[in-house]
Amino acid sequence: MKLKSIRALSIVAALLGTAACVHAEVSELKVAEQYGISYLPMMIMEDQKLIEKYAKEAGVAPLQVSWAKFAGGNVMNDAMLSNSLHFAAGGVAPLITLWAKTRGNYDIKAAAALNSMPLYLVSRNPDAKTLKDLTEKDKIALPAVKVSIQAVTLQMAAEQAFGPGQQNKLDSLTVTMSHPDAMAALLSPSSEITGHFGSPPFQYYELEKPAMHTLVNSFKVLGGPATFNLVWTTTKFRNENPKVYGAFLKALDEATALINKDKGWAADAYLRISKDKASHAEILKILNDPEVNFTTTPQNILKYVSFMNKIGSIKATPKSWKELFFPEAQNADGS
């Protein structure tokens, strides 16, 4: 009898151990970001090891956080669908595409917004005063043809300029390039790139050069301030890793608060972490731009959704912006 009792207890212990392993949270968190000052909250999260700090407080330790940098949201989406990435950060359009594509399986949603800031299409073509002046000789660099937020914003601008059904009129002029490479190409007289639909800080650096001018401002296209970047993950990851997910959100909140509390400190942090060769004054000027806002509250998300659905890029449409976000973000006064 004693032997049977010992065996029974052993079986129970083994089952409990197996259950504990099944429900254990990840020991390595894989996070991806892109280029530019818009990702400053995530840069600070990495530099200050904020996710690790809050994970430890939640009892998940040690947590290793691996960071990767991608040129565009399309590549990050592929990495997430292959289960090699836990959190991705990028533009609104890639998130919307992935949300619509994964409903009923991965159920990918946004955890939070990262910022609200304008995107400029900067041109060096002296004859191009509006989009209607562009010709086949012009080449526009952006992070990902057709799918990046810059590409979708250009389609919206093209429809406004050329009329309904003309959203793809300028797609043939677009070229996929990372922001650093695109800026270098735009500023090179020998390059075929005559325009760059970029982001801060690159667009500000470009506009300081002679002959550079703005053809498109995303805020004007959308009729007001709008979210540029968000961070997203799968429903499965959130459900299976509630403590790590919560630690990520707390880290993001702290990083955002640090930026907004002291823009001078934030400028120094950006220069130190990014190794950008700009001056402190240049970066501080960008951070003090009233249109540049680091916030986790989404703005004007549904305008992108409506447009992408209208042109057939996505089949599903949410009734509210909240359907695109996990519950923790739904209390925000978003749009």
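Worth saying up front: this structure is predicted, and the values here are computed from it rather than measured.

## A few points about the sheet that holds strand β9 (residues 213-217)
Pairing is mixed in the open sheet, where 5 strands are placed in the order β7-β6-β8-β5-β9. For this open sheet the edge positions go to β7 (174-176) and β9, each flanked by a neighbour on one side alone. Geometrically, the sheet is characterised by an average inter-axis angle of 25 degrees between neighbouring strands, direction not taken into account. Bridging between strand β5 (residues 120-123) and strand β8 (residues 195-197) involves 3 bridges; their strand directions are antiparallel. Paired with V122 across the strands is H196, a residue of β8. Each of β5, β6 (140-142), β7, β8 and β9 touches helix α6 (residues 149-162); the most contacted strand, β6, lies at about 135 degrees to it. Those strands touched by helix α7 (residues 179-186) are β5, β6 and β8, and its axis lies near 155 degrees from that of β8.

## Overview of the confidence of the model for the chain
When pLDDT is averaged across the chain, the result is 92; 92% of the residues are at 70 or more. Every residue in residues 1-22 is under pLDDT 50, and counting partners more than four places away or in other chains gives 0 contacts.

## Notes on the packing of aromatic side chains
Across all of its chains, the model carries 6 aromatic pairs by this definition. Consider the rings of F87 and Y245, whose centres lie 6.0 Å apart with planes at 25 degrees: the pair is stacked. Of the two residues, F87 sits in strand β3 (residues 87-91) while Y245 sits in helix α11 (residues 242-261), which places them 158 residues apart along the sequence. Arranged with centres 5.3 Å apart and planes meeting at 80 degrees, the rings of W321 and F325 form a pair that is edge-to-face. A relative accessible area of 6% places W321 in the buried class.

## Describing the nonpolar core
Ranked by size, the top nonpolar core spans 109 residues in total, and within it L29, L40, M45 and F248 carry the most contacts. Once residues lying within four places of it in the same chain are set aside, the contact partners of F248 are L29, V31, M42, M45, I51, F87 and V231.

## Digging into the layout of surface pockets
In this structure, the largest pocket occupies an estimated 270 Å³ of space. Residue lining of the largest pocket: 16 residues in total, with Y35, M43, K69, Y270 and S274 positioned closest to the centre. Sorting the residues of the lining of the largest pocket by element identifies α2 (40-47), β2 (64-69), α8 (202-207) and α12 (263-274) as the ones contributing at least two each. The residue makeup of the lining of the largest pocket, split by class, is 9 nonpolar, 3 polar and 4 charged. There is about 220 Å³ of room inside the second largest pocket. In terms of lining residues, the second largest pocket is bounded by V26, M80, N83, L85, H86, Y106, T233, T234, K236, F237, E240 and N241.

How each quantity is defined
Residue indices follow the written sequence of each chain, beginning from 1 at its first position. pLDDT decides what is reported in this predicted model: residues at 70 or higher carry local features, side-chain atom pairs at 80 or more are listed and counted, and totals for whole chains, interfaces and linings draw on all residues regardless. Just so you know, side-chain values use all the structure's heavy atoms and leave hydrogens and water out. Between any two strands, at least two bridges found by DSSP are needed for them to pair. A helix here means a DSSP run of H or I that spans at least four residues, while a strand means a run of E at least two residues long, and both kinds are numbered starting from the N terminus. Working convention: axes come from line fits to C-alpha atoms, limited for helices to the stretch in contact. Angles between N-to-C directions cover 0 to 180 degrees. Two residues qualify as a contact provided that any one of their heavy atoms is within 4.5 Å of a heavy atom in the partner residue. One confidence number per residue, pLDDT, is output by the predictor and ranges from 0 to 100. Whether two aromatic rings pair depends on their centres lying within 6.5 Å, for rings of Phe, Tyr and Trp, where Trp uses its six-membered ring; planes under 30 degrees apart make the pair stacked, over 60 edge-to-face, and the rest tilted. Relative accessibility thresholds used throughout: buried, under 20% of the residue-type maximum; exposed, over 50%; partly exposed, between the two (1.4 Å probe, protein chains only). The criterion is simple. A nonpolar core is a set of buried Ala, Val, Leu, Ile, Met, Phe, Trp, Tyr and Cys residues joined through side-chain atoms within 4.5 Å. Residues are said to line a cavity or pocket when one of their atoms sits within 4 Å of a point; the points come from a 1 Å grid over protein atoms alone, cavities being sets where a 1.4 Å probe fits but cannot get out and pockets being open sets with protein on both sides within 12 Å along at least five of seven lines. Grid points are joined across faces, edges and corners, and a volume is the space filled by probe spheres set on the points. As a working rule, the residues Ala, Val, Leu, Ile, Met, Phe, Trp, Tyr, Cys and Pro are called nonpolar, Asp, Glu, Lys and Arg charged, and the rest polar, with Gly in that last group.

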